[in-house]
Amino acid sequence: MRRERRRAKAWMVLHNIRNVDIKRDLGLNYHTQVIETLSGTRDDQRVLQYLIDRGCPERFLDLPEKMRRAA
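Model, not experiment: these values are computed from the prediction.

Cut-offs applied
- Residues numbered from 1 in each chain as written.
- Predicted model: local features only at pLDDT ≥ 70, side-chain atom pairs only at ≥ 80, totals over all residues.
- Heavy atoms only, no water.
- Core = buried A, V, L, I, M, F, W, Y, C linked by side-chain atoms within 4.5 Å.
- Buried < 20%, exposed > 50% of the residue type's maximum accessible area, 1.4 Å probe, protein only.
- Helix = DSSP H or I, 4+ residues; strand = E, 2+ residues; numbered from the N terminus.
- Contact = heavy atoms within 4.5 Å.
- Phe/Tyr/Trp six-rings, centres within 6.5 Å; stacked < 30°, edge-to-face > 60°.
- Lys NZ or Arg CZ within 6 Å of the ring centre and 35° of its normal.
- Axes fitted to C-alpha atoms, helices over the stretch in contact; angles between N-to-C directions.
- Parallel < 35°, antiparallel > 145°, perpendicular 65-115°, else oblique.
- Left-handed = near helix turned anticlockwise from the far one by under 90°.
- Salt bridge = Lys/Arg side-chain N within 4 Å of Asp/Glu carboxyl O.

One broad trend across soluble globular proteins is that nonpolar side chains are buried collectively. In this structure, Trp11, Met12, Ile22, Leu51 and Leu61 are the most contacted members of the largest nonpolar core, which totals 18 residues. Going through the elements one at a time, helix 1 (5–14), helix 3 (32–39) and helix 4 (45–53) are the ones with two or more residues in this core. With five residues, helix 4 is the single largest residue contributor to this core. When residues no more than four places from it in sequence are discounted, the contact partners of tryptophan 11 are Ile17, Leu51, Arg54, Gly55, Cys56, Pro57 and Phe60.

Glancing now at the packing of aromatic side chains. One pass over the structure, following the stated rule, counts zero aromatic pairs. One Lys or Arg, arginine 54, reaches over the ring of tyrosine 50 and ends 3.6 Å from the middle of that ring.

Moving on, we come to the packing of helix 2 (residues 19–26) against helix 4. Two elements in contact, helix 2 and helix 4, have axes separated by 11 Å at closest approach and are oriented at 110°. One element, helix 2, and the other, helix 4, form an angle in the roughly perpendicular class. Seen from above, helix 2 lies across helix 4 with right-handed handedness. Where helix 2 approaches helix 4, its residues Asp21, Ile22, Asp25 and Leu26 are matched on the opposing element by Arg46, Val47, Tyr50 and Leu51.

Let us look at the pattern of salt bridges. Considering all chains together, one arrives at nine salt bridges under this definition. For arginine 42, the salt bridge is made with glutamate 36, and the minimal N-O distance between the two is 2.9 Å. Note on arginine 42: relative accessible area 30%, which makes it partly exposed. We classify glutamate 36 as partly exposed; its relative accessible area is 27%. With a closest N to O distance of 3.2 Å, glutamate 65 and arginine 68 form a salt bridge. Here glutamate 65 and its partner arginine 68 are both found in helix 5 (residues 65–70), three residues apart, which amounts to about one turn of the helix.

Written out as structure tokens, the structure is:
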């Protein structure tokens, strides 16, 4: 995956969204899921959809094929 972690993270900072906010809002047990999704080692669709729903540009996220077709 070629997720643009730094750009996505910069976008999150500009919009006052922290990893822990995503973890809390999605009811996740660990923020590792968020970190790994942003880095591209995991494809947690809940995390990706959360960011898309809040306006994060999809080009920063390199969405999995399954999510690209739905968009």
